[in-house]
Amino acid sequence: MEEKLKEKLWAFIAENNPDLMFSLQEDYSVLKYLDGKINALLPQLEQWKKDKVPEYIMEDMAMRELTADLKPSKFHYIRDILEAEFETDFLRFKEAGVLTYEVVNLLETSKEAFETINFSEENKESRRLRYAVMGMIAAYLESR
């Protein structure tokens, strides 16, 4: 089950947190990261096994635990704003095949706004955050 969870976690990261994926690959620390996350969950997995929780439910609960600190996706948040508010640039990046790369760059540019407002499930609809990120996207696009 641990290997299956690693695969699912890596797929989740690739889809929702490509900035983390690139960082882990750059540092050659993918396996260390995945092993660390799984090892931290092992006591809980053992408990679920003792409690005879069905495997598919264990897998679902494990993925919730493993991805809790990776949600909400800043990548998707910025990508959605870029698509909605800067459609021409979004389409240009997409057609050029650099959309993911540019969104990851925008993530780095917008890092301060996410930290200042403490981006979370509770405040992902914050107008203040949206406008701050939109301003940073506009500045980034103007500098290109």
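Everything below is about the structure printed above this text.
All chains use their own residue numbering, which begins from 1 and follows the written sequence. Restriction of local features to residues with pLDDT of at least 70 applies here, the model being predicted, together with a cutoff of 80 or more for giving and counting side-chain atom pairs; totals for whole chains, interfaces and linings are based on all residues. Water and hydrogen atoms play no part in the side-chain values, which are based on all heavy atoms of the structure.

*Asks:* Which parts of the structure should I look at to understand helix α1 (residues 2–16)?
*Replies:* Structural remark: α-helix, 3.6 residues per turn; residues separated by three or four positions point the same way. Helix and strand assignments come from DSSP, with helices taken as H or I runs of at least 4 residues and strands as E runs of at least 2, each series counted from the N terminus. Multiply 1.5 Å by the residue count of a helix minus one, and that product is the helix's expected span. Over its 15 residues, α1 runs 21 Å from end to end, which matches the ideal 21 Å to within 8%, given 1.5 Å per residue. Accessibility here uses a 1.4 Å probe with only protein chains present; expressed as a share of the type maximum, an area under 20% marks a residue as buried, one over 50% as exposed, and anything in between as partly exposed. Of all the positions in α1, only Leu-5, Lys-6, Leu-9, Phe-12, Ile-13 and Asn-16 are classed as buried. Projection of α1 onto a plane perpendicular to its axis shows the buried side chains occupying an angular sector of 125 degrees, all on one side. Summarising the geometry of α1, the exposed residues directed more than 90 degrees from the buried face are Glu-3 and Glu-7. In this structure, the buried side of α1 is in contact with α2 (18–26), α3 (30–50), α4 (55–67) and α5 (74–85). For this quantity, the arc is that covered by the directions from the helix axis to the C-beta atoms. Between two residues, a contact is recorded if the distance between any of their heavy atoms is within 4.5 Å.

*Asks:* Quick question: what am I supposed to make of the nonpolar core here?
*Replies:* If you look at soluble globular proteins, the nonpolar side chains tend to sit buried side by side. Counting residues in each nonpolar core, the largest one holds 23 residues, and the members touching the most others are Ile-78, Leu-82, Phe-114, Leu-129, Val-133 and Ile-137. For this core, the secondary structure elements donating two or more residues are α5, α6 (87–96), α7 (99–109), α8 (111–117) and α9 (127–142). The element best represented in this core is α9, accounting for six residues. Beyond its immediate stretch of four places on either side in the chain, Phe-114 contacts Lys-74, Tyr-77, Ile-78, Leu-107, Phe-119, Leu-129 and Val-133. In these notes, a set of buried Ala, Val, Leu, Ile, Met, Phe, Trp, Tyr and Cys residues joined through side-chain atoms within 4.5 Å is what counts as a nonpolar core. The next biggest cluster of nonpolar side chains, apart from the first, holds 18 residues, and it includes Val-30, Met-58, Ala-62 and Met-63.

*Asks:* Mind showing me how you'd approach the layout of surface pockets here?
*Replies:* Regions of empty space are outlined by a rolling probe, equal in size to a water molecule, passed over the atoms. Every definition here rests on a 1 Å grid over the protein atoms only: cavities are sets of points where a 1.4 Å probe fits but cannot get out, pockets are open sets enclosed by protein on both sides within 12 Å along at least five of seven lines, and lining residues have some atom within 4 Å of a point. Grid points are joined across faces, edges and corners, and a volume is the space filled by probe spheres set on the points. Counted as a void, the largest pocket has a volume near 380 Å³. Breaking the lining of the largest pocket down by element, the ones donating at least two residues are α2, α7 and α8. In this classification, the charged set is Asp, Glu, Lys and Arg, the nonpolar set is Ala, Val, Leu, Ile, Met, Phe, Trp, Tyr, Cys and Pro, and all remaining amino acids, among them Gly, are polar. Considering only residue class, the lining of the largest pocket consists of seven nonpolar, one polar and seven charged.

*Asks:* Could you clarify how one ought to interpret the packing of α3 against α4 in this entry?
*Replies:* The angle between the axes and the distance between the axes are what describe a pair of packed helices. Two numbers describe how α3 lies on α4: the axes approach to 11 Å, and their chain directions differ by 145 degrees. The two elements α3 and α4 meet at a crossing, and its hand is right-handed. Counted together, Lys-37, Ile-38, Leu-41, Leu-45, Trp-48 and Lys-49 of α3 and Met-58, Met-61, Ala-62, Glu-65 and Leu-66 of α4 form the full contact between these two elements. Here the contact of α3 with α4 is composed, by residue class, of eight nonpolar, no polar and three charged. Helix axes use the C-alpha atoms of the stretch in contact, all axes being lines fitted to C-alpha atoms, and the angles between their N-to-C directions lie in the range 0 to 180 degrees. Helix crossings get a hand from a simple test, with the near helix turned counterclockwise from the far one by less than a right angle marking a left-handed crossing and a clockwise turn marking a right-handed one.

*Asks:* What is the right way to look at the packing of aromatic side chains in this model?
*Replies:* To describe a pair of aromatic rings, you give the distance between the ring centres and the angle between the ring planes. Only rings of Phe, Tyr and Trp enter the pairing, Trp through its six-membered ring, and a pair is recorded when the two centres are within 6.5 Å. The plane angle decides the type: under 30 degrees is stacked, over 60 is edge-to-face, the rest tilted. This model, assessed by the stated rule, comprises three aromatic pairs. Note on Tyr-77 and Phe-114: the rings are 5.8 Å apart at their centroids and 70 degrees apart in plane angle, and the pair reads as edge-to-face. Linking Tyr-77 in helix α5 with Phe-114 in helix α8, this pair joins segments that are 37 residues apart in sequence. On the basis of relative accessibility, which here comes to 12%, the residue Tyr-77 falls in the buried class.

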